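Observations on the model geometry
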Amino acid sequence: MLPILLSSLLVGCAERMVAPAPAPEENPNTRWARLLRQAATPEGTDYDLIARNREALDNVIAWMAVHGPESDQIRSSQEERKIAMMANFYNAAVIHAVLERRPIDSVQDVQIGVYRYPPNTGFFLGQTFRVDGEWVSLYYLEHQYLLGMYEEPGIHMMLNCASQGCPPLRYWTGNNLKRQTDAHLTDFLMSERGMRKDEQGWALTEFFRWYGDQYVDWSQATDLCAYLADAVEGERKDWLTEQIGDCQPRTFPYDWSLNDIRVTTD
């Protein structure tokens, strides 16, 4: 943990990403969800399409500044609704940051003040967003508002970091959230981004090495291979099942290139 004084100084050095408009009177997320269904695909995100419909994103950024689980008094029993709300806020903030920083080839290109090294520091720590009345970085939003509060491994599938290596972007609803995240994990593992085979055999993205302990500690699985084997079929399942009990899978590097694509619809 950083000393309190140093932590305060670093927060003060971060750049505030001020909401581009006043908060709308009505919840803008229905329109935002509709735009994401056009702009977000398994292959990446069409940032140009979102930029051409920027008002939808701007309204969400303004809305999330003053709305959230605390200000909207969402009951503690509505955990799935809270998680979905904060994950959607996180993803909208990431897209907003990408559009504000373009042109970039990767989120690792963003350097802000003292936030220059290691890579990703500028993007995930050097920018703060007003969320539910509090100024927070993307890192804080992920690790305190979501992972630290709920200890739910499915959250890792919900957050998109604007990179080719991360699980694809989508809009999350607060109904049957586990079913949504389980399906997203399956799709991710069944793609070349999550799990692939080469001349040496099968390998996982190093994404799962980063968070492997959480997948085990926050579930009933005996190890990471057991957890992931339940999500796949065929050769992938066979390979993971063989390693249960001595789970040390080979990994391939995470792809930090910007997940920028073009879709045919507008």
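Everything below is about the structure printed above this text.
Just so we're clear, the structure is a prediction, and the values are computed from it rather than from any experiment.

**A word on the packing of helix H5 (residues 79–101) against helix H7 (residues 138–150)**
- One can describe the packing of H5 onto H7 by two numbers: an axis separation of 10 Å at closest approach and a directional angle of 165 degrees. Between H5 and H7, the angle falls in the class roughly antiparallel. Read as a crossing pair, H5 and H7 show a hand that is left-handed. Facing H5, whose interface residues are Glu-79, Lys-82, Ile-83, Met-86, Ala-87, Tyr-90, Ala-93 and Val-94, H7 presents Leu-138, Leu-141, Glu-142, Tyr-145, Leu-146 and Tyr-150.
- Counted by class, the contact of H5 with H7 contains 11 nonpolar, no polar and three charged residues.

**Structural notes on the environment of Ala-183**
- By secondary structure assignment, the location of Ala-183 is in helix H8 (residues 177–189).
- Ala-183 gets classed as partly exposed once you look at its relative accessible area, which sits at 38%.
- In sequence terms Ala-183 and Val-232 are 49 residues apart; their C-alpha atoms lie 9.9 Å from each other.

**Notes on unusual backbone geometry**
- Note the cis peptide between Arg-102 and Pro-103, where omega equals 5 degrees.
- Here Pro-103 lies in the loop between H5 and helix H6 (121–124).
- Along the chain, Tyr-117 connects to Pro-118 via a cis peptide bond; the corresponding omega equals 0 degrees.
- The phi angle at Asp-132 is positive, at roughly 55 degrees, despite the residue not being glycine.
- Mapped onto the fold, Asp-132 is located in the loop between strand S4 (127–131) and strand S5 (134–137).
- Phi is positive for Ala-162, which is not a glycine, with a value near 60 degrees.
- In this structure, Ala-162 sits in the loop between H7 and H8.
- We classify Ala-162 as buried; its relative accessible area is 0%.

**Quick look at the packing of helix H2 (residues 29–39) against helix H4 (residues 54–66)**
- Axis separation between H2 and H4 bottoms out at 9 Å; the angle between their running directions is 135 degrees. Here H2 lies oblique to H4, going by the angle between them. Relative to H4, H2 is oriented so that their crossing is left-handed. Here Asn-29, Arg-31, Trp-32 and Leu-35 of H2 come into contact with H4, specifically with Glu-55, Ala-56, Leu-57, Asn-59, Val-60 and Trp-63.
- Here the contact of H2 with H4 is built from residues that sort into six nonpolar, two polar and two charged.

Calculation rules
Residues numbered from 1 in each chain as written. Predicted model: local features only at pLDDT ≥ 70, side-chain atom pairs only at ≥ 80, totals over all residues. Heavy atoms only, no water. Axes fitted to C-alpha atoms, helices over the stretch in contact; angles between N-to-C directions. Helix = DSSP H or I, 4+ residues; strand = E, 2+ residues; numbered from the N terminus. Parallel < 35°, antiparallel > 145°, perpendicular 65-115°, else oblique. Left-handed = near helix turned anticlockwise from the far one by under 90°. Contact = heavy atoms within 4.5 Å. Nonpolar A, V, L, I, M, F, W, Y, C, P; charged D, E, K, R; others polar. Buried < 20%, exposed > 50% of the residue type's maximum accessible area, 1.4 Å probe, protein only.

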